[in-house]
Amino acid sequence: MSFITPLNLFLTLAGAQLLHILYVLVFRSLLSPLARIPGPRLAALTGWYECYYDVFYPGQYVFKIKQLHQQFGPIVRITPREVSISDLNFLDAIYSPGVYAKRDKDFEKVKALGINTSIGGAVGHDLHRRRRESLNPFFSKKGVLALAPQLQSKIFQLNSILAVSQKTGEVVNLSDIYFAFASEQNVLANSVRAAGMRNNVATVLRGVKFNLHFSWVRSLARMLPSSLMGRWVPQGVKDMMKFRQAIRREVEQILQSKDDSKSSHSVFLELRDSPTLPASEKTAQRLEDEAALLVMAGTESPAKSITIAHYHLLSNPDLMSKLRAELSEHPSTTLSEIDQLPYVRAISLEANRLSFGLTGRNPRIAPDETLTYTDLSSKVSYSIPPGTPVSTSTLLAHTNEQVFPDPWTFNPDRWLGNGMEKKKYMLAFSKGPRQCIGMHLADAEAMIAIAEMGRWGMELFETNDGDVKFLHDYHVATPNLNSLGVRARVLGRVDL
Ligand code: HEM
């Protein structure tokens, strides 16, 4: 009689699977080097804990983590392999440890964005450094100041739009307008296109958490024939796929052409011709990913900060009066002059604080170093072994009551005088070698837009805090899911 029957085979496989699960559970709860780190037992045992709060309670894990810190203390094991630290004195150890220490990214997080071969998708420290060096020249402070004429021309367009709305009485959607303002594509004059682009980015970002936990669904969807895709894939995602195909065609043209005029597409010409990048770093796929990242990162986040600033100025007349007082004392209109105005700067910083930069934790991994965290209240030290993703979310940093009292109130005054010292606790642009490469550009866009806000009288239209408040983490802070954006009626130009 043979023992190899289908039933026996099934039972053996099921038994092996059960043993494997048992081993994983025992390892994660007792044997793992992270086993001593406090936190909920379920989070240490399975990634479904994170998934539950990310996907089934949309974008809520980051808020749950804040609660877990209140319950368990400053260090919490938030997944079987990741540790969260809510101690702003440890930020540098995680994100900015000095020139000799390496910090990798976590592939598990990177893959959710679908831009794996971009600078932001570079997992390894050295690869990231090579990609970064090739892009740095485009984003230096000096390079950004040279963009002042382009920014001024956008302000000119913005003013024309507001002047027309004042005449017609039509409500303006400031969220769409600032999205167009931050976009590299010339869409300010086309409000329908701008609204469509903003909606597409939002649709893609809404899928980020699902992709994080079920990345195989996206891979499967990509294999679907277009007839089926038509039914199952949301319109915004299809539009973004078309947009990426358009980028791909452009990139392929650049790679095939011998053209070396630096007048257009100069970032990609520069990457194509870079002597330091090997051929493997100049593929069409890589340049497509780089372009997609630059377009997404360079539009959504700056637009969000600028919109938040304008919302709070319109809902709080005292803040608007202070801004106008500063503008009337310094009737400066050039970027380098505006850059020196303390209250404009304070508004910009406060808007960045409450826009929370990238909300998805952004963990770093020390590949060859054991980190030691000491909880100063209990005097207990914890070893975090090499290879462990460690994070402090922007929510934890920017709502820390010791540094930012009354943290959900928009209060630019906290940045005046020696308030600037708090900048070291800001994570909006992250910190260290992987901090936002576009931060000078984002700063310039915000400062010049805020200075203009003071010159217009407006009243909010059917808009409230829920249209700007961080309520869901979809990689960026997302307000009410049914928000139509910040809308206002234009009353007229203000004499300062
Ligand atoms: C207020 C506006 C902005 C905010 C809050 C912001 C935030 C961030 C953050 C937090 C990171 C680090 C990501 C990580 O840790 O994984 C980052 C990286 C990046 N940002 Fe921004 N960003 C802004 C504007 C911009 C602009 C205007 C551009 C370009 C035009 C840009 C391009 C990038 C790129 C390419 C990276 C990847 C850098 C690297 O990995 O070295 N960002 N940004």
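All of these numbers come straight from a predicted model, not from anything done at the bench.

Each value, and the rule that gives it
- Residues numbered from 1 in each chain as written.
- Predicted model: local features only at pLDDT ≥ 70, side-chain atom pairs only at ≥ 80, totals over all residues.
- Heavy atoms only, no water.
- Donors = N, O, S within 2.8 Å, 3.2 Å for Na, K, Ca; no water.
- Helix = DSSP H or I, 4+ residues; strand = E, 2+ residues; numbered from the N terminus.
- Pairing = 2+ DSSP bridges.
- Near = heavy atom within 4 Å.
- Polar contact = N/O pair within 3.5 Å; in protein donor to acceptor, adjacent residues only side chain to side chain.
- Nonpolar A, V, L, I, M, F, W, Y, C, P; charged D, E, K, R; others polar.
- pLDDT = per-residue confidence, 0-100.
- Salt bridge = Lys/Arg side-chain N within 4 Å of Asp/Glu carboxyl O.

Draft legend 1. Just the coordination of the iron atom of the ligand, in detail. Protein coordination of the iron atom of the ligand is limited to a single donor, Cys436 (SG), which sits 2.3 Å from the metal. Along the chain, Cys436 falls in the loop between helix H21 (394–398) and helix H22 (439–453).

Draft legend 2. Structural detail: the pairing of strand S11 (residues 487–493). With two bridges connecting them, strand S3 (residues 172–173) and S11 associate as antiparallel partners. The residue bridging Val172 from the neighbouring strand is Ala488, located in S11. Where strand S8 (residues 456–460) lies against S11, five bridges are found, and the strand directions are antiparallel. Paired with Met458 across the bridge in S11 is Val490.

Draft legend 3. Fine view of the sheet that holds strand S1 (residues 75–77). An order of S1-S2-S7-S4 is seen for the four strands of this open sheet, with the pairing classed as mixed. A strand with exactly one partner marks an edge of an open sheet, and here the two such strands are S1 and strand S4 (364–365). Strand direction decides the pairing type here: S4 and strand S7 (residues 389–391), joined by two bridges, are antiparallel. Bridge pairing in S7 places Arg364 opposite Val390.

Draft legend 4. Focus on the sheet that holds S11. Strand order in this open sheet of three strands is S3-S11-S8, and the pairing throughout is antiparallel. Edge positions in the open sheet fall to S3 and S8, since each of these has one partner strand only.

Draft legend 5. View of the site of the ligand. Surrounding the ligand, one finds 27 residues, the nearest of these being Lys105, His128, Arg132, Arg364 and Cys436. In the model, an oxygen atom of the ligand is placed 2.7 Å from a nitrogen or oxygen of the Lys105 side chain. Within the side chain of His128, an N or O atom sits 2.5 Å from an oxygen atom of the ligand. For the shell around the ligand, the element with the highest residue contribution is helix H17 (residues 284–315), accounting for seven residues. In terms of residue class, the shell around the ligand is made up of 13 nonpolar, 10 polar and four charged.

Draft legend 6. View of the confidence of the model for the protein chain. Across the protein chain, the average pLDDT comes to 91, with 97% of residues at or above 70. For this predicted complex, the interface confidence comes out at an ipTM of 0.97, alongside a pTM of 0.92.

Draft legend 7. Quick look at the pattern of salt bridges. Inspection of every chain in the model, using the stated rule, returns 29 salt bridges. The salt bridge partner of Lys322 is Asp413, with a shortest N-O separation of 2.7 Å. Here Lys322 is found in helix H18 (residues 317–329), whereas its partner Asp413 is found in the loop between H21 and H22, with 91 residues between them in sequence. Where salt bridges share partners, they join Arg244, Arg248, Glu252, Glu288 and Asp289 into one cluster.

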